[in-house]
Amino acid sequence: MNTNTLIEIPERYKHFRIGISKFATSRDNKRIENNDQAIIIYFDDTENIESLLFDRDIVVINDEMNGTPFNQFVAEIKFTESDRFEIKKLSNYVSVDNTSHPIEDINNINIIGKVIKLIRSFD
C-alpha cells in the first residue's frame, strides 16, 4: 500500500519544530492504535502552552518515571472545568496514572508537544 500523502501544516504551527513518531500500544482504543503514526509539534522554548492546547488534544509528555524504556508518552488532555484539566494516558504500557490538575499548573506538567495530525495505517 502506498501511503505517500501531502499533508498541509497549518500556518500557526510552522514556527515549531516538527517530528513524526510511531506509537506502540498494546491496547487499541478510539484515539490511537498500535503502529499509528503522528505529526507532532514540539514546544521547545514556549513559555506558556495553555493557548496552544485544546480539549481532547493528544499531547506528548516527558516523564522518565513512566515505566517504559522511553522518556516520553502520549496522553489525552481534557479540560473538565474552567479551572481544571485531566491527563489520560493512551497506552497501558505507561505506568503513570491518569491525573487531574488545576489549570495554573499546565506549564509544570512537562507537556513537550502535541499531535497535529494522526496517520492511521490500514494494512
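Residues numbered from 1 in each chain as written. Predicted model: local features only at pLDDT ≥ 70, side-chain atom pairs only at ≥ 80, totals over all residues. Heavy atoms only, no water.

Caption draft 1: How the structure looks around the overall build of the protein chain. Across its full length, the protein chain carries 0 helices and 7 strands. Starting at the N terminus, the α and β elements of the protein chain follow one another as β-β-β-β-β-β-β. The contacts in the protein chain between residues at least 6 apart in sequence include a share of 53% that link residues at least 24 apart. Of the roughly 7900 Å² of accessible surface on the protein chain, a fraction of 45% belongs to carbon and sulfur atoms. (Helix = DSSP H or I, 4+ residues; strand = E, 2+ residues; numbered from the N terminus. Contact = heavy atoms within 4.5 Å. Areas by Shrake-Rupley, 256 points an atom, 1.4 Å probe, with all protein chains shown as cover.)

Caption draft 2: Geometry of the nonpolar core. In this structure, Phe-43, Leu-53, Ile-61, Ile-77, Ile-87 and Ile-111 are the most contacted members of the largest nonpolar core, which totals 21 residues. For this core, the elements supplying multiple residues, two or more each, are strand E2 (37-42), strand E3 (58-62), strand E4 (72-81) and strand E5 (84-89). For this core, the leading source of residues is E4, giving 3 residues. The residues contacting Ile-61, other than those within four sequence positions of it, are Asn-71, Gln-72, Phe-73, Ala-75, Ile-87, Ile-109, Asn-110 and Ile-111. (Core = buried A, V, L, I, M, F, W, Y, C linked by side-chain atoms within 4.5 Å. Buried < 20%, exposed > 50% of the residue type's maximum accessible area, 1.4 Å probe, protein only.)

Caption draft 3: A look at the packing of aromatic side chains. Under the counting rule described, the total for this entry stands at 2 aromatic pairs. Between the aromatic rings of Phe-16 and Phe-43, the centroid separation amounts to 5.8 Å while the plane-to-plane angle is 75 degrees, which identifies the pairing as edge-to-face. Separated by 27 residues along the polypeptide, Phe-16 in the segment before strand E1 (17-22) and Phe-43 in the loop between E2 and E3 bring together distant segments of the chain. Across the pair, exposure class does not vary: Phe-16 and Phe-43 are buried alike. Consider the rings of Phe-79 and Phe-85, whose centres lie 6.3 Å apart with planes at 50 degrees: the pair is tilted. Accessibility expressed as a relative area gives 23% for Phe-79, which makes it partly exposed. (Phe/Tyr/Trp six-rings, centres within 6.5 Å; stacked < 30°, edge-to-face > 60°.)

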